[in-house]
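Here are the chains, one letter per residue:
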Amino acid sequence: MNSIEFDKAGRIKKLNTLAKPLNTNHIESACRLFNDKQGDIESYAPSKDYDLIVHSRPYPPKAIFGLAMSELLNIEVSSKHFTGGEKSPCFKVLRKLGYEVIAKERDTENVTLELYGQYNREEVCKVFAPEAKFTKGAGSWGLSGIVSNASKEGDFVFFVTLEPSQSNTYEDFITDDGKLIWWSQNQHTSESSVIKQLIAHDDKTNTIHLFLRANKEDDYTYLGHLLFDNWDATTSEPVNINWQFESWPIPSRIQRRIAFETHSNTPTFASLNPDKTVIKEVPIDGNLSTPYSESGRKRKAAQVDWAERDKRNRELGDIGERIVLEMERKHLVSSGKPELAERIQHMALINPNAGYDILSFEPDGTEKFIEVKTTEGRQNTQFFISDNEVSISRDAPEKYWLYRLYNLNRTENTADYYKRKGAIDELFDLKPTSYTASLK
């Protein structure tokens, strides 16, 4: 076991060499196990492109090879540990042992789109542009990672491969709380027309569809719609844009099938000087967003210090809270209530379990429990809110306020905001994003 090495993508190194002792007994044993489990093999999906023929019966070649190698090496060999497809060590070894691995005929004419379904590019093209001529390895549908005006003007299809390629050394990744940290193509800048469209994306009128795979050998899995979260205006060639999954969490079986891991959500933000910040209240246009947590970004091809980035994430919240503290003080002073301004407290520092960030007051002395949520994203950027905060807002809806700071600009020191009073679950649509589990 100690002699087995893995590359950066988590694949087994020197698989050809390790597979040399593999024989037909291992394959037969793997087929029996596959039959016993009725084809439900963890991390392996049914094969859509190839069949391994054993005793005239078709099997998924990658799953059988993985089970056989697990027995040979005495470790669990999962789908992410090796690739399948033509020219792969998997197929070469199976054929060398005398087995047929044959291509399936796929019905690309009658394709329907299903959440978590598996598709190749031609099938995706048939779904969104059935009249288009598909050319493998060329054109928007056959090659591009971003397809504009899919189905209708303003809609997009993203083809995302998590494994970096030679042409793109940056890494897209998914955070624990359902964000896709995504980089555009290398030639894009903030002035590129497609980037302007994406950062202005309105999910109420247009849709971005995500098709994702771990590496270039796999089919894509359809993961549903993406919602705009925020973007890093300092990035160029490529540009970093962060997206929220509309369908989250992704079922664990799908995560295992795609063979990806989520990462801690730890964004980087710089501090602002509240005294120099220009902040204005903007009327709310339309429905408010469903709360989720703030998104992060990852430096291109860099080793990330997650602890440091978590510290900076907390700094973003501190920035917003300091801005609101100063705004509340100024409001009370201008209302002729300096004595109330002196009584304002930063509860996030005094009692983190209070369920709100700031204790302030109305000019008549009524308490205000203020929860502050800050983002560099737009007005409808989703945010995270805790069960404790929701509970406190229910207990005291006449005192509870949510101040939402958005369009926070670190360079120009500006921000917009809206504020709402009352119980959070009466003001916003809430979706659960995590659970606490205990042993039954």
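Values in this document were obtained by computation on a predicted structure and should not be read as measured data.

Engineer: Give me the lowdown on the overall build of the chain, citing residues and values where you can.
Structural biologist: Assigned secondary structure in the chain consists of 13 helices and 17 strands. For the chain, the residues scored as buried account for 50% of the 440 residues in total. Relative to all contacts within the chain whose residues are 6 or more apart in sequence, the contacts with residues 24 or more apart total 67%. Counting only carbon and sulfur atoms, one obtains 46% of the accessible surface of the chain, whose full area is about 22100 Å².

Engineer: Can you lay out the side chain of Arg11 for me, pointing to particular residues and giving the numbers?
Structural biologist: Here Arg11 lies in the segment before helix H1 (15-18). Not counting residues within four places of it along the chain, the set of residues in contact with Arg11 comprises Glu5, Phe6, Lys80, His81, Phe82, Thr83, Glu163 and Asn215.

Engineer: Let's hear about the pattern of salt bridges: which residues, and what values?
Structural biologist: A side chain of one charge can pair with a side chain of the opposite charge if their charged atoms are brought near each other. Under the defined criterion, the tally for this structure stands at 9 salt bridges. In this structure, Lys373 and Glu371 form a salt bridge, with 3.2 Å as the shortest nitrogen-oxygen distance. Residue Lys373 is classed as buried on the basis of its relative accessible area, which comes to 11%. Where Asp425 meets Arg394, a salt bridge forms, and the shortest distance between an N and an O atom there is 2.6 Å. Taken together, the residues Asp425 in helix H13 (residues 424-427) and Arg394 in helix H12 (residues 387-395) connect sequence positions 31 residues apart. Taking the relative accessible area as the measure of exposure, Arg394 reaches 45% and is therefore partly exposed.

Engineer: Pulling in residues and values, what's your account of the sheet that holds strand S2 (residues 57-59)?
Structural biologist: Hydrogen bonds along the backbone pair up the strands of a sheet, which may run parallel or antiparallel. Pairing in this open sheet of 3 strands is antiparallel, and the strands run S2-S1-S3 from one edge to the other. Single-partner strands in this sheet number two, and they are S2 and strand S3 (100-103). The average undirected angle you get between the axes of adjacent strands in this sheet is 40 degrees. For strand S1 (residues 50-54) and S2, the ladder comprises 3 bridges, and the chain directions are antiparallel. Across the sheet, the residue bridging to Val54 is Arg57, located in S2. Running over the sheet, helix H2 (residues 24-36) touches S1 and S2 and is turned about 85 degrees from S2.

Engineer: Would you mind going over helix H5 (residues 121-128) in detail, with residue names and values included?
Structural biologist: By the burial criterion, the buried members of H5 are Arg121, Glu123, Val124, Cys125 and Phe128. Next to the buried residues of H5 lie strand S4 (118-119), helix H6 (139-142), strand S6 (156-161), strand S9 (208-213) and strand S10 (220-232).

Engineer: Residues and numbers for unusual backbone geometry, please.
Structural biologist: The omega angle of the peptide bond from Glu237 to Pro238 is 15 degrees, so this bond is cis rather than trans. In this structure, Pro238 sits in the loop between S10 and strand S11 (240-245). Cis peptide bonds are those with omega within 30 degrees of zero, and the linkage from Trp248 to Pro249 qualifies with 5 degrees. For Pro249, the location among the structural elements is in the loop between S11 and helix H8 (252-258). For Lys14, which is not glycine, the phi torsion reads 55 degrees and is therefore positive. You can see Lys14 is positioned in the segment before H1.

Engineer: Quick rundown of the environment of Tyr59? Include the residues and the values.
Structural biologist: Tracing the sequence through the fold places Tyr59 in strand S2. Judged by relative accessible area, which is 5%, Tyr59 ranks as buried. Reaching out from Tyr59, the side chain makes a polar contact with the side chain of Asn35 at a distance of 3.1 Å.

Engineer: Give a detailed account of the packing of helix H3 (residues 61-73) against helix H4 (residues 89-96), specifying residues and quantitative values.
Structural biologist: Packed helix pairs are characterised by how far apart their axes lie and by the angle those axes make with each other. Relative orientation of the contacting elements H3 and H4 amounts to 80 degrees, with a least axis distance of 10 Å. Here H4 runs roughly perpendicular to H3, going by the angle between their axes. On H4, the residues touching Pro61, Lys62 and Phe65 of H3 are Cys90, Phe91, Val93 and Leu94.

Engineer: So, the packing of aromatic side chains: which residues are in play, and what are the values?
Structural biologist: Counted by the stated rule, this structure contains 21 aromatic pairs. Centre to centre, the rings of Trp141 and Phe159 are 6.5 Å apart; their planes meet at 85 degrees, and the pair counts as edge-to-face. Remark: Phe159 occurs in strand S6 and Trp141 occurs in helix H6; sequence separation between them is 18 residues. Taken individually, Trp141 and Phe159 each receive the classification buried, so the pair is uniform in this respect. On the basis of an interplanar angle of 35 degrees and a centroid distance of 5.9 Å, the ring pair of Phe159 and Phe211 is categorised as tilted. Residue Phe159 is found in strand S6, and its partner Phe211 is found in strand S9; the two are separated by 52 residues along the sequence. Each member of the pair, Phe159 together with Phe211, is buried. Here Lys419 stacks its cationic end above the ring of Trp401, 5.6 Å away from the centre of that ring.

Thresholds applied
Residues numbered from 1 in each chain as written. Predicted model: local features only at pLDDT ≥ 70, side-chain atom pairs only at ≥ 80, totals over all residues. Heavy atoms only, no water. Helix = DSSP H or I, 4+ residues; strand = E, 2+ residues; numbered from the N terminus. Buried < 20%, exposed > 50% of the residue type's maximum accessible area, 1.4 Å probe, protein only. Contact = heavy atoms within 4.5 Å. Areas by Shrake-Rupley, 256 points an atom, 1.4 Å probe, with all protein chains shown as cover. Salt bridge = Lys/Arg side-chain N within 4 Å of Asp/Glu carboxyl O. Pairing = 2+ DSSP bridges. Axes fitted to C-alpha atoms, helices over the stretch in contact; angles between N-to-C directions. Polar contact = N/O pair within 3.5 Å; in protein donor to acceptor, adjacent residues only side chain to side chain. Parallel < 35°, antiparallel > 145°, perpendicular 65-115°, else oblique. Phe/Tyr/Trp six-rings, centres within 6.5 Å; stacked < 30°, edge-to-face > 60°. Lys NZ or Arg CZ within 6 Å of the ring centre and 35° of its normal.

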